[in-house]
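Geometric and topological summary
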Amino acid sequence: APLVRCENAARTYGSGPGAVVAVHGLTCSVPPGARICVVGPSGSGKSTLLHLMAGLDRPTAGRVSHPGLDREGTDGLARRIGVVFQGPSLLPPLTAAENVVLPLRIDGVGEDEAASRARAALESLGLQSLAGRMPDELSAGQAQRVAVARVLARRPCLVLADEPTGQLDRATGCQVLRVLLDAAEELGAAVLVTTHDPRVARELETRWYMADGRLVQPETGSGTGPGP
Ligand code: ADP
Ligand code: ADP
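About the cut-offs
Residues numbered from 1 in each chain as written. Chains lettered and ligands numbered in written order. Predicted model: local features only at pLDDT ≥ 70, side-chain atom pairs only at ≥ 80, totals over all residues. Heavy atoms only, no water. Axes fitted to C-alpha atoms, helices over the stretch in contact; angles between N-to-C directions. Helix = DSSP H or I, 4+ residues; strand = E, 2+ residues; numbered from the N terminus. Parallel < 35°, antiparallel > 145°, perpendicular 65-115°, else oblique. Left-handed = near helix turned anticlockwise from the far one by under 90°. Contact = heavy atoms within 4.5 Å. Nonpolar A, V, L, I, M, F, W, Y, C, P; charged D, E, K, R; others polar. Salt bridge = Lys/Arg side-chain N within 4 Å of Asp/Glu carboxyl O. Polar contact = N/O pair within 3.5 Å; in protein donor to acceptor, adjacent residues only side chain to side chain. Pairing = 2+ DSSP bridges.

1. Thoughts on the packing of helix α3 (residues 96-106) against helix α4 (residues 111-124)
- The N-to-C vectors of α3 and α4 enclose an angle of 130°; their axes lie 9 Å apart at closest approach. By the angle between their directions, the pair α3 and α4 is classed as oblique. For the pair α3 and α4, the sense of crossing is right-handed. The residues of α4 that touch α3, namely those facing Ala97, Val100, Val101, Leu104 and Arg105, are Glu111, Ala114, Ala115, Arg117, Ala118 and Leu122.
- Grouping the amino acids of the contact of α3 with α4 by side-chain chemistry returns 8 nonpolar, no polar and 3 charged.

2. Digging into the pattern of salt bridges
- Across all of its chains, the model carries 9 salt bridges by this definition.
- Here Glu163 and Lys46 are joined by a salt bridge, their closest N and O atoms 4.0 Å apart. Of this pair, Glu163 sits in the loop between β6 (158-162) and α6 (170-187) while Lys46 sits in helix α1 (residues 46-54), placing them 117 residues apart in sequence.
- In the salt-bridge network here, residues are joined through shared partners; they are Arg35, Glu185 and Glu205.

3. Describing the environment of Asn99
- With respect to the helices, strands and loops of the structure, Asn99 is situated in helix α3.
- Along the primary structure Asn99 and Ser89 are separated by 10 residues, whereas in three dimensions their C-alpha atoms are 9.7 Å apart.
- The residues touching Asn99, leaving out its near neighbours within four places in the chain, are Leu90, Leu91, Leu94, Pro135 and Arg150.
- Within the local environment of Asn99, its side chain forms a polar contact with the backbone oxygen of Leu94, the two atoms lying 3.1 Å apart.

4. With respect to the sheet that holds β6
- Reading across the sheet, the 6 strands line up as β5-β6-β7-β3-β8-β9 and stay open at both edges, with mixed pairing between neighbours. Every other strand in the sheet has two partners, leaving β5 (81-84) and β9 (214-216) as the edge strands with one partner each. Averaged over all pairs of adjacent strands, the angle between strand axes in this sheet comes to 25°, irrespective of strand direction.
- Sheet topology places β6 next to strand β7 (residues 190-195); 5 bridges connect them, and they run parallel.

Spelled out as structure tokens, the structure:
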């Protein structure tokens, strides 16, 4: 079963003549293990789609469901879906390792187990030597890799990344994306990444295109559609 299924989903902000239709008519599904890039210009609705898939937002029409995820309410969903955001998201007073450990402790993972999972996640992203650094002692690319480690340490089935390379230079962005894809593959997690950069999109085998709040077929034919 797909990890996420959207059926004719829409999200409108506000009501009446001033209403903004952020996305509409979204029908798509993310199968286990998929590696999908959602490509489209700023304002095309990529973030809204990702928020709907993550359960961070609810559709105002249609349906978003998670048939392939064992659910224990919203809390369970939050554990199975990891979200990586664009900007800095580490907690400044905690070291890199402590940033990775904290959500695990909140999940109820014991201290020793949390420490060893954090160490393994940092290592899989090439960050073992930076575990004791404070966030302000990390470069933007390093900090984003720690944010990825923090998500992966929770062992999600699906990683949703919203413009994860948007604030990084091209080389650093590519490196972060590669380690994200490799670490997710090791874990067997599906990945969906949004980007406005077609060059970032080439790193993923499946590309969905968005324009004006809809998923559209690519003109070039180089991508595959989102499917039913
Ligand atoms: P993208 O991620 O592709 O840049 P978004 O999903 O952020 O696109 O935005 C899609 C559209 O919805 C844009 O027109 C944006 O201005 C609008 N939008 C997004 N969030 C809100 C909000 N909270 N209130 C009003 N309009 C919004
Ligand atoms: P992105 O394009 O990366 O999604 P944005 O700068 O468009 O980022 O949006 C950042 C935040 O502002 C999001 O939470 C989004 O929902 C909100 N937002 C975007 N457009 C609008 C808008 N027109 N009115 C109110 N909030 C908005």
